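What follows is each chain in one-letter form.
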Amino acid sequence: MAELNILLITPTALDSNGKPIKRSKLLIPAITMAVIAAVTPDNSNIKLIYETVEKIPFDDVWDIIGITGMGSGTVRAWEIADEFKKRGSKAVIVLGGIGPSLLDPEISLKHVDTIVIGEAEKIWPELIKDFEKGELKRIYRMDSPPRINDIPTPRYDLVNTRKIGFIRTLQATRGCPMRCEFCSISAFFEGSYRKMPVDKVIRNIRTAMKTGSRYFAFLDDNIYGDQKYCEELFEALIPEKIIWVSQCSINITKNPDILKLARESGCRLLSFGLESIEPSSLEALNKSWNHPEEYKNSFCITREHGIEVAVSMMLGADGETISTFQNVYNFIMENHIVLPKLYILTPMPGTPFYDSLKTQNRIIIEDLKKYTGGFVVFKPDKISADTLEKKYWELYGKLHSYVNIIDRIRHNPAKLEPILRIGILTMNLHNKIHIAKRIVPGLS
């Protein structure tokens, strides 16, 4: 068959004005399209684009254009597809990802030719064969998840390393065993949790290190979903002498031996999804297995083992009042959280939480451009939507004053290396700039 020209795009997110977010460097690049490139047939000329830091070649000639989407990135994916069509592109445009998979397919098919629902590793080669035969379908739906054992090494060689920072990204697991009703990840993976064979994780790490870095971010949604697997993985990482960060359940702090092993394997920072410090909020979110009274001790244990702490929290759950914002501020400052990630609670379409609020007639904004974590799209319980949004940005800005940034990070009980402390400071300053522009940090 003739060589195919294939363009794979990771769209940027949208800012508060609905404009694409652009940056000079991408700190933690998504890995999805590098994996899709790895399952693309050999008779292909493939180009990867991270729109946040690269220009999309709208006027070049392509046979197939693949775009992935999540959150407001789904809306941006539609805009990109529309722009290609506006310019007369004859390429077949394919859209996949968590966002499009959880939405009604017909919404996306107004913009693209074909949509992939579910994980795409098995579907993509089949789709390309259908394209070559002139038998492309409008919808490709995953019948079963791809065997994680069969997922190849991402095409790190196609990533423009001049446009990304020093951190390389990979995954060891997919999904999360927790069934949080507000979580689109849980809805997409249907509560499954799959683990890549450790030897293949090591293979991927060694390939990525050839691009010139030993610093990694595991993009796993919960790297501590299986204790036995963690032990095996962390032990195998020790000889590789990498430095890595990830996110996981705070339950890991109940096992000091695992934390010790994590540090020995190169772990220097873990992000815990706390969601809230209010027991009533956690109950409303069906996440009552988190215990706020234990948070401080959990942080101390983590740092005692040489691992710094980041947290992810949401504001706006039922039961929260105006006093919640001051409580969150005090909690973050008193615990010296070096990287606090805050979001307005956002019921993503396709999740049980969205369906519940929809049934209660509490969804007040349907425009997916607003589903960024920086807007209130539902009717809160005890405060107004305007107050919640205003107080959220005030709190985030206050936490990122120069004085408070220094106060949060000047303590170093985890005894992190200077380069990592500088990296944490840089990320805080970067977040400060985004917050001033009303861009939720971490979107792009």
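For the structure, see preceding data.
Residues numbered from 1 in each chain as written. Predicted model: local features only at pLDDT ≥ 70, side-chain atom pairs only at ≥ 80, totals over all residues. Heavy atoms only, no water.

Caption draft 1: Inspection of the overall build of the protein chain at higher detail. Within the protein chain, the regular secondary structure consists of 16 helices and 14 strands. Relative to a compact globule of 444 residues, whose C-alpha radius of gyration would be 22 Å, the protein chain shows 21 Å and is just as compact. Counting only C-alpha atoms and orienting by the principal axes, one finds that the protein chain spans roughly 60 × 55 × 35 Å. Relative to its full complement of 444 residues, the protein chain shows a buried share of 56%. Pairs at least 24 residues apart make up 74% of the contacts formed inside the protein chain by residues separated by at least 6 positions. If you sum the accessible surface of the protein chain, you get close to 19,000 Å²; carbon and sulfur atoms cover 52% of it. Placing the 58 positive and 54 negative side-chain charges of the protein chain at their respective mean positions leaves the two points 5 Å apart. (Helix = DSSP H or I, 4+ residues; strand = E, 2+ residues; numbered from the N terminus. Rg over C-alpha atoms; globule rule 2.2 N^0.38 Å. Buried < 20%, exposed > 50% of the residue type's maximum accessible area, 1.4 Å probe, protein only. Contact = heavy atoms within 4.5 Å. Areas by Shrake-Rupley, 256 points an atom, 1.4 Å probe, with all protein chains shown as cover. Lys, Arg positive; Asp, Glu negative; His and termini not counted. Charge placed at Lys NZ, Arg CZ, Asp CG, Glu CD.)

Caption draft 2: View of empty space enclosed by the protein. Inspection of every chain in the model, using the stated rule, returns 4 cavities of 30 Å³ or more. Its boundaries defined by the atoms lining it, the largest cavity holds a volume of some 90 Å³. In this structure, the largest cavity is lined by I31, V35, I151, P152, P154, L170, Q171, R174, M196 and N204. In the lining of the largest cavity, the residues fall into 7 nonpolar, 2 polar and 1 charged. Quantified by volume, the second largest cavity comes out at close to 70 Å³. Every residue lining the second largest cavity is listed: P29, A30, I31, Y50, Y156, V159, T161, I164, R168, T169 and T211. (1 Å grid on protein atoms, 1.4 Å probe; cavity = no way out; pocket = protein on both sides within 12 Å on 5 of 7 lines; lining within 4 Å. Points joined across faces, edges and corners; volume = space filled by probe spheres on them. Nonpolar A, V, L, I, M, F, W, Y, C, P; charged D, E, K, R; others polar.)

Caption draft 3: Main features of the pattern of salt bridges. The tally for this structure, following the rule as stated, stands at 27 salt bridges. The partner of D157 in a salt bridge is R155, with the nearest N and O atoms 2.8 Å apart. Note on D157: relative accessible area 54%, which makes it exposed. Its relative accessible area of 28% is what places R155 among the partly exposed residues. (Salt bridge = Lys/Arg side-chain N within 4 Å of Asp/Glu carboxyl O.)

Geometric descriptors of this kind do not, in isolation, establish any biological role.
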